[in-house]
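These are the residues of each chain, in order.
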Amino acid sequence: MAHVLIAEARFYSHLNDMLLDGVRSALEAEGHSHETVTVPGALELPAAISLAADSGRYDAYVALGVVIRGETYHFEVVSNESARGIMALTLDGLAIGNGILTVENEEQALARADKTRKDKGGEAAKAALAMLALKEQFGIG
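Residues numbered from 1 in each chain as written. Predicted model: local features only at pLDDT ≥ 70, side-chain atom pairs only at ≥ 80, totals over all residues. Heavy atoms only, no water.

Right, let's talk about the pairing of strand S4 (residues 96–103) for a bit. Put simply, side chains in a regular strand alternate between the two faces of the sheet. The buried fraction of S4 is high, at 6 of 8 residues. Taken together, strand S3 (residues 60–68), helix H3 (residues 74–91) and S4 constitute a β-α-β crossover, and its handedness is right-handed. (Buried < 20%, exposed > 50% of the residue type's maximum accessible area, 1.4 Å probe, protein only. Helix = DSSP H or I, 4+ residues; strand = E, 2+ residues; numbered from the N terminus. Right-handed = clockwise from strand over helix to strand, strands pointing away.)

Rendered as structure tokens:
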């Protein structure tokens, strides 16, 4: 079974709790173990995963966070750069499920975070596991 790191940007606690519930449920349903580390915001997620990868303790990773559009360009910077950082790590061979929600408003975030609705946390966990299986299929890692 895999040992998965859940890296969460805990900016909106109530939304993160919902995402975490989905991730943990999906991982535990498949018998995988997990740990969670918290960072200040979505921009810090790629660095946290990179540092964790250097430890060699984890088989896969799930990045969680919520970025809600505000009145400034900051939304685009955080959304784009956190996604770019996660993508760079996946291209380096890490099995990562990207569960960073980038939404217009809290209503959209709630719909996506709730595991009884869109369950984007659970989907991110399943994506990480799918990428781990692909690595194993190719004999990597």
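Looking now at the sheet that holds S3. Strand order in the open sheet formed by 4 strands is S2-S1-S3-S4, with parallel pairing between adjacent strands. In this open sheet, the two edge strands, each paired with only one partner strand, are strand S2 (33–39) and S4. In this sheet, adjacent strand axes meet at a mean angle of 15 degrees when their direction is disregarded. Of the strand pairs in this sheet, strand S1 (residues 3–9) and S3 are connected by 5 bridges, and their pairing is parallel. The partner of Leu5 across the bridge, within S3, is Tyr61. Of the strands in this sheet, S1, S2, S3 and S4 touch helix H1 (residues 13–29), which is tilted by about 155 degrees from S3. Where helix H4 (residues 106–113) meets the sheet, its contacts fall on S3 and S4, and the angle it forms with S4 comes to roughly 150 degrees. (Pairing = 2+ DSSP bridges. Axes fitted to C-alpha atoms, helices over the stretch in contact; angles between N-to-C directions. Contact = heavy atoms within 4.5 Å.)

For the rest of this paragraph, the subject is a nonpolar patch on the surface. A contiguous nonpolar surface patch, about 370 Å² in accessible area, is contributed by Met131, Leu134, Phe138 and Ile140. Checked against the element boundaries, Ile140 lands in the segment after helix H5 (120–137). A relative accessible area of 47% places Ile140 in the partly exposed class. (Patch = residues over 30% accessible without salt bridge, like charges linked within 9 Å, V, L, I, M, F, W, Y side chains within 5 Å. Areas by Shrake-Rupley, 256 points an atom, 1.4 Å probe, with all protein chains shown as cover. Salt bridge = Lys/Arg side-chain N within 4 Å of Asp/Glu carboxyl O.)

Attention now goes to the packing of aromatic side chains. In total, this model carries 2 aromatic pairs according to the counting rule given. An angle of 80 degrees between the planes, with centres 5.1 Å apart, marks the rings of Phe11 and Tyr12 as edge-to-face. Overall, Tyr12 belongs to the partly exposed group, its relative accessible area being 23%. (Phe/Tyr/Trp six-rings, centres within 6.5 Å; stacked < 30°, edge-to-face > 60°.)

This part takes up the side chain of Ser79. Inspection of the secondary structure assignment puts Ser79 in helix H3. Beyond its immediate stretch of four places on either side in the chain, Ser79 contacts Val67 and Thr102.

Moving on to the environment of Ala111. Mapping Ala111 onto the fold places it in helix H4. Distance in space between the C-alpha atoms of Ala111 and Val37 is 24 Å, their sequence separation being 74 residues. The residues touching Ala111, leaving out its near neighbours within four places in the chain, are Arg117 and Lys118.

A word on the packing of H1 against H5. Where H1 meets H5, the closest approach of the two axes is 6 Å, and the angle between their N-to-C directions is 40 degrees. Comparing their axes, H5 and H1 come out oblique. Crossing geometry of H1 relative to H5 is assigned as right-handed. For the pair formed by H1 and H5, the contact residues are Leu19, Gly22, Val23, Ala26 and Leu27 on the first element and Lys120, Gly121, Gly122, Ala125, Lys126 and Leu129 on the second. A per-class count over the contact of H1 with H5 returns 6 nonpolar, 3 polar and 2 charged. (Parallel < 35°, antiparallel > 145°, perpendicular 65-115°, else oblique. Left-handed = near helix turned anticlockwise from the far one by under 90°. Nonpolar A, V, L, I, M, F, W, Y, C, P; charged D, E, K, R; others polar.)

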